[in-house]
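Each chain is listed here by its residues.
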Amino acid sequence: MKLTTGDAVVPLLGAIAPRYVVKQATVKRCVAALLLVSMASIFYYTHYIISSPLSSLIHRDTRPEPAIRCSTLRGATRLPKAPDHRSEARLRIDPKVLVFVETLYSRLGREIAELLVYNRIKYKVEVAGKSLPVLTNLDKGRYGVLIFENLNKYLQMDKWNRELLDKYCREYSVGIVGFTPPGEESLVGAQLKGFPLFVHTNLRLKDAQLNAASPILRLTRAGETAWGPLPGYDWTIFQANHSTYEPLAWAHRDSLDYATNKSPLATVMQDHGRYDGIQRVFFGGGLKFWLHKLLLLDSLSYLSHGQLSLSLNRMILVDVDDIFVGEKGTRLKKDDVLALLATQQRIQALVPGFKFNLGFSGKYFHHGTSEENLGDDMILENVDRFTWFSHMWNHQQPHLYENVTHLQLDMALNKQFAKEYGIPTGSGYSVSPHHSGVYPVHEGLYEAWKKVWNIKVTSTEEYPHLRPARLRRGFVHRGIMVLPRQTCGLFTHTIFIERYPGGRDKLDESIQGGELFQTIVYNPINIFMTHMSNYGNDRLALYTFESVIKFIQCWTNLRLSSAPPLQLGERYFQLYPEEMDPVWGNPCDDPRHQRIWSKNKTCDQLPRFLVIGPQKTGTTALYTFLSLHPAISSNLPSPDTFEEIQFFNGKNYYRGLDWYMSFFPAAKNESSRYLFEKSATYFDGELVPRRAHALLPKAKLITILLSPARRAYSWYQHTKVHGDVTAKNYSFHSVITATDTAPKALRDLRNRCLNPGKYSQHLERWLSYYPAQQLHIIDGELLRQNPIETLHELQRFLKITPTFNYSTHLRYDPKKGFFCQVTNEDRTKCLGKSKGRQYPPMEDRSYKFLQRYYLSHNTALVKLLKRLGSRTIPQWLKDDLTDTVMT
Ligand SMILES: Nc1ncnc2c1ncn2[C@@H]1O[C@H](COP(=O)(O)OS(=O)(=O)O)[C@@H](OP(=O)(O)O)[C@H]1O
C-alpha cells in the first residue's frame with residue numbers, strides 16, 4: 001500500500017485497527033497493528049516528507065523571519081549613554097549582597113540567589129525574622145545592598161532590629177530592595193507601614209514600559225513596550241504622594257472592566273531616600289517577568305553606588321559544528337549558504353567582528369544530495385568570509401580511539417583535507433564531538449590536539465556539569481584554555497520551526513527575554529553551540545541569532561562584539577583568573593560524563609579513604625600498619641615522593657585524573673579492596689579539602705593529632721636532617737620565635753613549622769566540605785602507645801569486615817622504642833631510622849612559648865572535639881592547656 005497524502009493515514013487507522021480489535025480482540029494483534037501503523041508513519045515521514053520535492057514547499061512556507069523591531073534598530077532615538085553608577089564618595093562597603101529570605105527553600109529567594117550566582121555577584125542568605133547577622137567588619141560594611149524576598153519582613157521587623165538595620169543603611173549608604181509578596185486578600189490603596197506609599201494587589205497587568213528618566217537604568221534600555229500580559233495574576237502596583245518616589249517601570253491593567261482608566265501603573269518604584277535617608281527599590285512582583293531580572297541587576301548596581309555594576313561588554317561567538325557532516329536531506333544548499341552570508345553581514349552591523357565559526361569534518365564532504373554538494377562547494381568558495389576550526393575527521397568521539405596514535409592520524413586527515421581545500425588551519429581552536437575527551441579529560445585528546453593542530457583553546461558545556469548552566473566554568477589544562485560553552489536551544493534535531501519542542505512560542509520566548517536572551521545578558525563571553533543542519537531547512541539558527549541580537553539591542557545598553565576564540569579565551573581568563581585552576585570531579589558521578597569516559601578507564605581506581613596527616617604525627621606508622629591488612633591496599637609508590645602521591649596539593653594536581661588513577665592499579669578482587677592514600681601534607685593544604693571533595697565526596701578522612709608543640713619540634717628535626725639550610729642555621733627556638741621582620745627564609749620556615757599545628761582551623765576547613773561522620777580523629781599518642789587498639793577502632797569506623805587481628809602482627813620493640821611489624825617469633829621489622837628519631841628534648845622555654853602560641857587554637861580544638869561528640873579529650877591537649885594556665 002502506497003501512502004500518498006497525510007489524509008491517507010486516517011482511513012488506514014480507521015479501517016484496519018477496528019477490524020482487528022473487534023473481530024480478533026487479542027492483545028497481541030492490537031500491538032501488532034499499532035506497530036504496523038507506527039512503522040508506516042515512520043516510513044511516510046522519512047521517505048515522503050523529508051525527500052519529497054514538495055517538502056521544501058511545506059516547510060519553507062513557515063520558515064520564520066526575524067521580526068524584532070524597535071526604535072533603536074531604526075536609529076530613530078539616540079538614548080543617552082548608560083549611566084555609570086559609581087560614586088565619588090569614599091565607600092565603605094563590600095561588593096556583596098545580603099538576601100533575607102522567608103525560608104531556605106522559598107522560591108523567590110532561590111530565584112534571586114540563582115540570578116546572583118549567574119552574574120557572579122557575591123551574596124549571603126539569611127532567614128528573615130531571626131537575629132540580624134553581623135553587618136560590619138572593623139569600619140567597613142559587609143554588604144552593599146540588602147534584599148528582602150518578602151518586603152513585609154522588613155516592614156514588620158521588630159523595632160530594635162529595624163533601627164539597627166536602617167542605621168547601617170544610612171551610615172554606609174546601603175540601599176534596600178524589597179519584593180511585595182502575593183497575598184490571598186486583595187488590597188486596594190493600602191499603605192505600606194511607615195511610608196507614604198500605597199499598594200493595590202492581586203492585579204493582572206500587560207504592556208510593560210520603563211521610565212527612561214530613571215537614574216537606575218544602566219544595563220536595561222528604556223523606550224520600548226513589552227506588549228502582552230505580564231506573567232501571573234498577583235501583581236502589586238504602587239501609588240505615592242511623596243517626591244521621594246519615582247516609578248521605574250509601569251504596566252497597564254489587563255482587565256475588561258478597566259477600559260476607563262488608561263494611566264500606567266507603577267510596578268517597580270524607586271525611593272530616592274528623601275523621606276528617611278535610605279534609598280530603596282520596591283518590586284511589585286517577583287522575578288517571573290524577564291524585565292524584572294534586568295531591573296534587579298540595575299538596582300543592585302545603583303544602590304551599591306556602582307560596587308555591584310556589571311560590565312556592559314558582551315562577546316559572542318557562534319560555532320557551527322558538523323560542517324559537511326549532516327545526513328542527506330538535512331544539509332546546506334546553495335541558497336542556505338547565501339542566507340548564512342547575508343545574515344552574517346547583517347549581524348556584523350550590530351556585532352562588530354562577527355563571523356560564523358565553522359567546524360568541519362572533511363570525511364563527509366560531498367556526501368549530500370547533488371544540490372547539497374553544491375552547497376558544500378559554495379561554503380568553500382566563501383571560505384575566507386568565515387572563521388574555521390577542526391572537528392574530528394570522521395566525527396568520532398576521541399575517547400573511543402584505541403590509542404593516541406590513531407587519534408593523531410584521524411586529526412591529520414582532517415588537516416590534510418583543510419590544506420587541500422584552502423581552509424585556514426591556524427585558529428588554535430577545536431571542539432570534539434559530544435564534548436568527548438575535553439571534560440572529563442582524555443589526555444590523548446589534549447596530546448593529539450597540541451601535536452597536530454597546535455590547539456590552544458577549546459570549549460565545553462560539561463565543566464563541571466551541563467546543568468545548571470549558570471555554574472558552567474572554564475579551566476586550563478596542559479596549556480589549553482577550556483571555555484564554557486552555552487546552548488541556544490537548538491540541537492541537531494531541531495531543524496523545522498513546526499517541530500520545535502514546545503512550539504514556536506517556546507523558541508520566541510527564549511529569544512525575547514527568556515533563556516537565550518538572559519544567557520547573553522549574564523555571560524560576558526558567550527560561545528554558542530549550533531549544528532550545520534540548523535542553518536539549512538528552516539534556518540532556525542539564523543532566525544534565532546539575528547532575533548536575539550536585535551532584542552538585546554532593543555532592550556539593553558550592552559555593547560556586543562565578537563573575536564576569534566583565542567582572543568575570547570585570553571579575555572575570559574583575564575576576567576576570571578581564579579578559574580584557570582581546574583577542579584577534577586569523578587566522571588562516574590555524572591551519567592553524561594560516564595558515557596564519554598574511555599572504556600579502558602574505571603572509577604574503581606580511586607581511594608575510599610584518605611590519611612590526611614598532618615606531618616610528623618605518625619602517618620607513616622599508620623600507613624604501614626594499614627597496608628598489612630589483607631583487604632586494604634595503598635597506592636603504588638611515587639618516584640618523587642615515595643609512599644605519598646601528594647596529588648591534591650601542589651603541582652601534581654595539574655597532571656590530571658589519569659595520572660592520579662595510575663597509582664591505583666585495577667583491583668583483582670574488587671569486593672575485598674579498600675584503596676587508600678596517605679599524604680601528610682593534605683591536612684593543612686588550603687585547596688585540598690575542596691579538591692578532594694570534588695573527586696571523592698564519599699571518602700572517609702583519617703587524621704592524627706598530637707601536641708602541636710611536639711609535632712612542630714619533630715618537624716624541625718626532620719627538616720634539619722633533610723639538609724634545610726635555614727633549619728641548620730637557626731635553632732628551633734629562633735625559628736618558632738622569629739618575628740615578621742626576620743629574613744624571609746626564616747619566616748617561611750617558621751610558618752611551615754607552626755601552621756599545621758593550628759588544628760581547629762584546618763579541621764573546620766575540611767568540615768566545611770565533608771560531613772563530620774566521614775572524619776575519624778586518631779590520638780597520636782595512643783597510636784604510638786597502643787596501635788593495636790587504635791587500628792581496631794579504625795577498622796570499626798571504616799566498617800571493614802572481617803576484622804584483622806593486629807595483635808598477632810604488631811609487637812613493641814624495646815630497641816626501637818615503638819611498635820613494629822612482627823616478621824617471625826623473635827624478629828620485627830620497624831620503620832626506618834627517620835621515624836622515631838633520637839634528638840635532645842625540647843627546651844622548656846620553647847615548649848612554654850608554643851603552649852601560649854597554640855592556646856587559642858587548642859581551646860578551639862577542645863570545643864570542636866566536643867561538638868563532634870568526642871567523650872574524651874586527649875591527655876596531651878589537656879596537658880598543653882593546663883600547663884599554659886599555670887604559667
Ligand atoms: N610505630 C612507630 N614507629 C616509628 N615512629 C612512630 C611510630 N608510631 C608513631 N611514630 C611517630 O611518627 C613520627 C613520624 O611521623 P610521620 O610518619 O607522620 O612523619 S612524616 O610526616 O611522614 O615525615 C615519629 O616522629 P619522630 O619521633 O620525631 O621521628 C614518631 O614519633
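What you are looking at is a predicted structure, and each value in this text was computed from that prediction instead of being measured. (Residues numbered from 1 in each chain as written. Predicted model: local features only at pLDDT ≥ 70, side-chain atom pairs only at ≥ 80, totals over all residues. Heavy atoms only, no water.)

Let's talk about the UniProt feature "active site" (unreviewed entry) in the protein
Reasoning step 1: In the numbering used here, UniProt assigns the "active site" (unreviewed entry) feature to Lys616.
Reasoning step 2: Tracing the backbone through its elements, the reader meets Lys616 in the loop between strand S24 (609-613) and helix H18 (619-627).
Reasoning step 3: Judged by relative accessible area, which is 18%, Lys616 ranks as buried.
Reasoning step 4: Setting aside residues up to four positions removed in sequence, Lys616 forms contacts with Leu706, Arg711, Ser714, Trp715, His718, Ser834, Lys835 and Arg837. (UniProt positions renumbered as here; feature names shortened; annotations may be inferred. Helix = DSSP H or I, 4+ residues; strand = E, 2+ residues; numbered from the N terminus. Buried < 20%, exposed > 50% of the residue type's maximum accessible area, 1.4 Å probe, protein only. Contact = heavy atoms within 4.5 Å.)

Topic: the nonpolar core
Reasoning step 1: By size, the foremost hydrophobic cluster in this structure holds 163 residues, and its most contacted members are Ile147, Phe356, Trp388, Tyr535, Phe647, Phe648 and Tyr660.
Reasoning step 2: With eleven residues, the single largest contributor to this core is helix H15 (residues 540-555).
Reasoning step 3: When sequence neighbours within four positions are dropped, the list of residues in contact with Tyr660 reads Leu606, Pro607, Leu610, Ile645, Phe647, Phe648, Glu677, Leu695 and Leu696.
Reasoning step 4: Among the nonpolar cores identified, the runner-up in size contains 29 residues, and Met157, Leu192, Phe238 and Tyr245 belong to it. (Core = buried A, V, L, I, M, F, W, Y, C linked by side-chain atoms within 4.5 Å.)

Topic: the pairing of strand S22 (residues 525-531)
Reasoning step 1: When you tally the buried positions in S22, you get seven out of seven residues, the bulk of the element.
Reasoning step 2: Burial along S22 is two-sided: the residues Ile525, Ile527, Met529 and His531 and Asn526, Phe528 and Thr530 are all buried.
Reasoning step 3: Relative to S22, strand S15 (residues 313-323) is paired through seven bridges, and the arrangement is parallel. The residue of S22 that forms the bridge with Asp319 is Met529.
Reasoning step 4: Taken together, the two bridges between strand S21 (residues 486-487) and S22 define a ladder with parallel strand orientation. Across the sheet, Gln486 pairs through a bridge with Phe528, a residue of S22. (Pairing = 2+ DSSP bridges.)

With respect to the site of the ligand
Reasoning step 1: Thr619, Thr620, Ser714, Gly836 and Tyr839 are the nearest of the 20 residues found near the ligand.
Reasoning step 2: Contact between the ligand and Gly618: an oxygen atom at 3.1 Å from a main-chain N or O atom of the residue.
Reasoning step 3: Contact between the ligand and Gly836: an oxygen atom at 2.8 Å from a main-chain N or O atom of the residue.
Reasoning step 4: Burial of the ligand by the surrounding chains reaches 94%, relative to a free accessible area of 640 Å².
Reasoning step 5: Of all the cavities here, the one that holds the ligand is the largest pocket.
Reasoning step 6: Secondary structure elements with two or more residues in the shell around the ligand: H18, helix H21 (708-721) and strand S30 (818-824).
Reasoning step 7: Looking at the shell around the ligand, the element that brings in the most residues is H18, giving four residues.
Reasoning step 8: Here the shell around the ligand is composed, by residue class, of six nonpolar, nine polar and five charged. (Near = heavy atom within 4 Å. Polar contact = N/O pair within 3.5 Å; in protein donor to acceptor, adjacent residues only side chain to side chain. Areas by Shrake-Rupley, 256 points an atom, 1.4 Å probe, with all protein chains shown as cover. 1 Å grid on protein atoms, 1.4 Å probe; cavity = no way out; pocket = protein on both sides within 12 Å on 5 of 7 lines; lining within 4 Å. Sits in = over half its atoms within 2 Å of the grid points. Nonpolar A, V, L, I, M, F, W, Y, C, P; charged D, E, K, R; others polar.)

A look at the pairing of S24
Reasoning step 1: Counting buried positions along S24 yields five of five residues, so the element is predominantly enclosed.
Reasoning step 2: Across three bridges, the pairing between S24 and strand S26 (residues 674-678) is parallel. Bridged to Val611 within S26 is Lys678.
Reasoning step 3: Direction of pairing for S24 relative to strand S27 (residues 700-705): parallel, over a ladder of four bridges. The residue of S27 that forms the bridge with Phe609 is Lys700.

Points about the packing of aromatic side chains
Reasoning step 1: Throughout the structure, instances matching the rule amount to 58 aromatic pairs.
Reasoning step 2: Relative to Phe417, the ring of Phe324 lies with its centre 5.9 Å away and its plane at 75°, an arrangement referred to as edge-to-face. Highlighted residues: Phe324 in the loop between S15 and helix H9 (334-350) and Phe417 in helix H11 (residues 404-420), separated in sequence by 93 residues. Of the two residues, Phe324 and Phe417, neither departs from the other in class, the shared state being buried.
Reasoning step 3: Ring plane angle 80° and centroid distance 5.3 Å describe the contact between Tyr660 and Phe664, whose orientation is recorded as edge-to-face.
Reasoning step 4: Judged by its relative accessible area of 0%, Phe664 is buried.
Reasoning step 5: One cation-aromatic arrangement involves Arg120 over Tyr576; the distance from NZ or CZ to the ring centre is 3.7 Å.
Reasoning step 6: The ring centre of Trp453 lies 5.7 Å from the NZ or CZ of Lys415, which sits over that ring. (Phe/Tyr/Trp six-rings, centres within 6.5 Å; stacked < 30°, edge-to-face > 60°. Lys NZ or Arg CZ within 6 Å of the ring centre and 35° of its normal.)

Digging into the sheet that holds strand S25 (residues 632-634)
Reasoning step 1: The strand order across the open sheet formed by five strands is S25-S26-S24-S27-S28, and the pairing between neighbours is parallel. One side of each edge strand has no neighbouring strand; the edge strands of this open sheet are S25 and strand S28 (775-779). In this sheet, adjacent strand axes meet at a mean angle of 25° when their direction is disregarded.
Reasoning step 2: Its contacts with the sheet place helix H25 (residues 759-767) against S24, S27 and S28, and it is angled at close to 180° to S27. (Axes fitted to C-alpha atoms, helices over the stretch in contact; angles between N-to-C directions.)

Re the pattern of salt bridges
Reasoning step 1: According to the stated counting rule, one finds 36 salt bridges in the structure shown.
Reasoning step 2: Here Asp321 makes a salt bridge to Arg485, at a shortest N to O gap of 3.5 Å. One end of the pair, Asp321, is in strand S15; the other, Arg485, is in the loop between strand S20 (480-484) and S21, and 164 residues separate them in sequence. Neither residue differs from the other here; Asp321 and Arg485 are each classed as buried.
Reasoning step 3: In this structure, a network of salt bridges that share partners links the residues Arg120, Arg473 and Glu579. (Salt bridge = Lys/Arg side-chain N within 4 Å of Asp/Glu carboxyl O.)

Here's the deal with the sheet that holds strand S18 (residues 457-460)
Reasoning step 1: Ordered in space as S18-S20-S19, the three strands form an open sheet in which the pairing is mixed. A strand with exactly one partner marks an edge of an open sheet, and here the two such strands are S18 and strand S19 (475-477). For this sheet, the mean inter-axis angle between neighbouring strands, taken without regard to orientation, is 30°.
Reasoning step 2: Contacting S18, S19 and S20, helix H12 (residues 443-453) runs over the sheet at an angle of about 115° to S20.
Reasoning step 3: Along the sheet, helix H16 (residues 565-575) makes contact with S18, S19 and S20, crossing S20 at roughly 80°.

Side note on the domain arrangement of the protein
It is common to give the size of an interface as the accessible area that goes away when the parts come together.
Reasoning step 1: Domains assigned within the protein are domain 1 (97-304), domain 2 (316-579) and domain 3 (604-802 + 832-879).
Reasoning step 2: On a C-alpha basis, the centroid separation for the pair domain 1 and domain 3 is 50 Å. (Domains from an automatic or database assignment.)

Here's the deal with the state of the cysteines
Reasoning step 1: With the rule as written, the count across this model stands at three disulfides.
Reasoning step 2: A sulfur-sulfur separation of 1.7 Å characterises the disulfide bridge that pairs Cys588 with Cys603. Measuring handedness by torsion sign, the sulfur bridge of Cys588 and Cys603 sits at about 75° and is right-handed. A residue pair is termed long-range when its members are at least 10 positions apart, and Cys588 in the loop between H16 and helix H17 (591-595) and Cys603 in the loop between H17 and S24 qualify at 15 residues.
Reasoning step 3: Note on Cys588: relative accessible area 25%, which makes it partly exposed.
Reasoning step 4: Through a disulfide, Cys820 is tied to Cys830; the S-S separation comes to 2.0 Å. Here the S-S torsion is close to 100°, and the disulfide linking Cys820 with Cys830 is therefore right-handed. (Disulfide = S-S within 2.5 Å.)

Quick look at the layout of surface pockets
Here the idea is plain: a probe the size of a water molecule rolls over the atoms and shows the empty space left.
Reasoning step 1: Approximately 1300 Å³ is the volume attributed to the largest pocket.
Reasoning step 2: Lys616, Ser714, Ser834, Lys835 and Gly836 are, among the 43 residues lining the largest pocket, the residues nearest its centre.
Reasoning step 3: Mapped by element, the contributors of at least two residues to the lining of the largest pocket are H18, H21, helix H26 (780-785) and S30.
Reasoning step 4: Looking at the lining of the largest pocket, the element that brings in the most residues is H18, giving six residues. (Points joined across faces, edges and corners; volume = space filled by probe spheres on them.)

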